[in-house]
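Spelled out, the chains give:
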Amino acid sequence: MEAQALKQALDELPRVSLVNEPTPLEPLPRLSAELNRPCYIKRDDGIGPAMGGNKARKLEYLLADALQKGYKKVATYGGLQSNHARLTAAAARKFGLEAHLFYFEPRPETLKGNLLINQLLGAQMHFIPYVGGGRRSLSAADFLVHQLASLHIGRHYFIPVGGRSVLGSLGYVRAALELHQQATAAGLENAWVIVAAGTGGTLAGLWAGFTWLGSPLRLMGIDVGALWKDFPRSIAHLATRLSARLKLPHKFAANEVPLIESEYATPAYGMPSKAGNHALQLLARLEGILLDPIYTGKAFAAMLDLVAKGRLGTQEPLIFLHTGGLPALFAFEDTVYSTP
Ligand SMILES: Cc1ncc(COP(=O)(O)O)c(C=O)c1O
């Protein structure tokens, strides 16, 4: 479909403004020399309030819905270093909403990284230690937290984990259009686009957007958490529901999801990896750009490994989508800085 028609379909839906679009697509000259092919980075790291990140694009649609429905409180949850929870708290403040954040772990002695920022924002943090969670029960957890939040705070707008919903993913359909246009203008149509996948909402939006546009960009999601049961199926399902929402009927198939599942998700969700820390230091030292240790560092390490193994072709340009997460750098200082 025409870019203009997709833009129009997106513009018709309620959206608040959190992101300064378009985000820059920057060349990485020293990495390009190292890898012997053009390398770029799409800067979705600084977007939105309080140190930003990819969730800002999702929250533009989610908070518009909350405001339109007259809610005064929003509730969500995540791991202790959830960037999504922190950005929800910051964006809620911007629109005069009260944010409640749920964590299924004991309150840490010191609040670091994202938790420290939540505290500065005056977000209500609820630490409810709960044994369970994990790969099999995440979608059920959405339901449970919703119930729990009703009990604790009354009427609230519930935002699923990671802002993963049809409304949230619309933000990344919008980003797909933006990146498609930037890549075309820069002559990078055949590039690989590499992105970290946690809940898969970002990947689903990009995939749906590129598909509808008939974009030649080659998308590759890197599962960094192994969080979800039947991850490809759930991403295909989300992309199909997005189609219905935008009245662009298309059935997305689980066996076509551009995702490398589990391979780079070690040691576990929310835990830095040696390869990720190494990649983080490499990009910092080559280009002066910081990644985070639990999403983008791991995805960047995966990209380097895939290049070394010849799994991303040989000459195609690479576009790394930087999805943010920087506050977590200050929660893992021991591991991040201990590798040489
Ligand atoms: C910094 C960062 N990058 C990537 C992701 C993955 O996004 P998604 O949950 O949409 O897959 C997240 C959140 O989960 C994140 O916080």
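Residues numbered from 1 in each chain as written. Predicted model: local features only at pLDDT ≥ 70, side-chain atom pairs only at ≥ 80, totals over all residues. Heavy atoms only, no water.

Brief notes about the site of the ligand
Not every one of the 15 residues close to the ligand is listed here, only the nearest: Lys-55, Lys-58, Thr-199, Thr-202 and Thr-323. Note that an oxygen atom of the ligand is positioned 2.6 Å from one of the side-chain N or O atoms of Thr-199. Take Thr-202: an N or O atom from its side chain is 2.7 Å from an oxygen atom of the ligand. Of the pockets mapped on this structure, the ligand occupies the largest pocket. Every element with two or more residues in the shell around the ligand is listed here: helix H3 (55-68), strand E7 (192-197) and helix H8 (201-213). For the shell around the ligand, the class distribution of residues is 3 nonpolar, 10 polar and 2 charged. When residues of the shell around the ligand are assigned to domains, at least three map to each of domain 1 (3-52 + 165-336) and domain 2 (55-163). (Near = heavy atom within 4 Å. Polar contact = N/O pair within 3.5 Å; in protein donor to acceptor, adjacent residues only side chain to side chain. 1 Å grid on protein atoms, 1.4 Å probe; cavity = no way out; pocket = protein on both sides within 12 Å on 5 of 7 lines; lining within 4 Å. Sits in = over half its atoms within 2 Å of the grid points. Helix = DSSP H or I, 4+ residues; strand = E, 2+ residues; numbered from the N terminus. Nonpolar A, V, L, I, M, F, W, Y, C, P; charged D, E, K, R; others polar. Domains from an automatic or database assignment.)

A closer look at the packing of aromatic side chains
According to the stated counting rule, one finds 8 aromatic pairs in the structure shown. Plain terms: the ring middles of Tyr-71 and Tyr-157 are 5.4 Å apart, the flat faces sit at 65° to each other, and that makes the pair edge-to-face. With Tyr-71 in the loop between H3 and strand E3 (73-77) and Tyr-157 in strand E6 (residues 157-158), this pair connects stretches of sequence that are 86 residues apart. Judged by relative accessible area, which is 18%, Tyr-71 ranks as buried. For the ring pair Tyr-77 and Phe-158, a centre distance of 6.4 Å and an interplane angle of 15° mean the geometry is stacked. Of this pair, Tyr-77 sits in strand E3 while Phe-158 is found in strand E6, placing the two residues 81 residues apart along the sequence. The buried category is assigned to Tyr-77, whose relative accessible area is 3%. Taken together, the ring pairs connect Tyr-77, Phe-104 and Phe-158 into an aromatic cluster. The positively charged end of Arg-57 is found above the aromatic ring belonging to Tyr-172, 5.6 Å away from the centroid. One cation-aromatic arrangement involves Arg-155 over Tyr-71; the distance from NZ or CZ to the ring centre is 4.0 Å. (Phe/Tyr/Trp six-rings, centres within 6.5 Å; stacked < 30°, edge-to-face > 60°. Buried < 20%, exposed > 50% of the residue type's maximum accessible area, 1.4 Å probe, protein only. Lys NZ or Arg CZ within 6 Å of the ring centre and 35° of its normal.)

Digging into the pairing of strand E10 (residues 318-322)
Across the 5 residues that make up E10, a large majority, 5, are buried. Every second residue of E10 is oriented toward a common face, with Leu-318, Phe-320 and His-322 on one face and Ile-319 and Leu-321 on the other, all of them buried. Examined bridge by bridge, strand E2 (residues 39-43) and E10 share 5 bridges and lie parallel to one another. If you follow Tyr-40 over to E10, its bridge partner there is Ile-319. Taken together, the 3 bridges between E7 and E10 define a ladder with parallel strand orientation. Bridge assignment links Val-193 to a residue of E10, and that residue is Ile-319. (Pairing = 2+ DSSP bridges.)

A closer look at the packing of helix H1 (residues 3-11) against helix H7 (residues 166-185)
Contact geometry of H1 with H7 gives a least axis separation of 11 Å together with a crossing angle of 150°. Overall, the two elements H1 and H7 adopt an arrangement that is roughly antiparallel. The interaxial crossing formed by H1 with H7 has left-handed handedness. Where H1 abuts H7, its residues Ala-3, Leu-6, Lys-7, Leu-10 and Asp-11 lie against Leu-170, Val-173, Arg-174, Leu-177 and Gln-181. Tallied by class, residues from the contact of H1 with H7 come to 6 nonpolar, 1 polar and 3 charged. (Axes fitted to C-alpha atoms, helices over the stretch in contact; angles between N-to-C directions. Parallel < 35°, antiparallel > 145°, perpendicular 65-115°, else oblique. Left-handed = near helix turned anticlockwise from the far one by under 90°. Contact = heavy atoms within 4.5 Å.)

What to know about the nonpolar core
Among the nonpolar cores identified, the biggest contains 87 residues, and Leu-6, Val-74, Leu-206, Trp-212, Leu-246 and Ile-319 are the most heavily contacted of them. Taken domain by domain, this core gets at least three of its residues from each of domain 1 (3-52 + 165-336) and domain 2 (55-163). The residues touching Ile-319, leaving out its near neighbours within four places in the chain, are Leu-25, Tyr-40, Lys-42, Leu-179, Ala-183, Leu-188, Ala-191, Trp-192, Val-193, Ile-194 and Leu-217. Core analysis: the second largest hydrophobic core is formed by 36 residues, Cys-39, Trp-192, Leu-291 and Val-307 among them. (Core = buried A, V, L, I, M, F, W, Y, C linked by side-chain atoms within 4.5 Å.)

Observations concerning the domain arrangement of the chain
What the domain assignment lists for the chain is domain 1 (3-52 + 165-336) and domain 2 (55-163). Computed from C-alpha coordinates alone, the two centres of domain 1 and domain 2 are separated by 23 Å. Both sides together, the interface formed by domain 1 and domain 2 hides about 3,300 Å², and carbon and sulfur atoms give 62% of it. If you look at where domain 1 meets domain 2, you find 3 salt bridges. A salt bridge links Glu-178 to Arg-57; its shortest N-O distance comes to 3.0 Å. Connecting domain 1 to domain 2 are 11 residue pairs in polar contact (both at pLDDT 80 or more). Within the side of domain 1 that touches domain 2, the residues separate by chemical class into 24 nonpolar, 12 polar and 9 charged. (Buried area = accessible area lost by both parts, 1.4 Å probe. Salt bridge = Lys/Arg side-chain N within 4 Å of Asp/Glu carboxyl O.)

Let's talk about helix H10 (residues 274-287)
The terminal C-alpha atoms of H10, which comprises 14 residues, lie 20 Å apart, in line with the 20 Å expected from a rise of 1.5 Å per residue. Three or more residues of H10 are buried, namely Gly-276, Asn-277, Ala-279, Leu-280, Gln-281, Leu-283, Leu-286 and Glu-287. Just downstream of H10 lies Gly-288, where phi reads positive at about 70°. (Expected span 1.5 Å × (residues − 1).)

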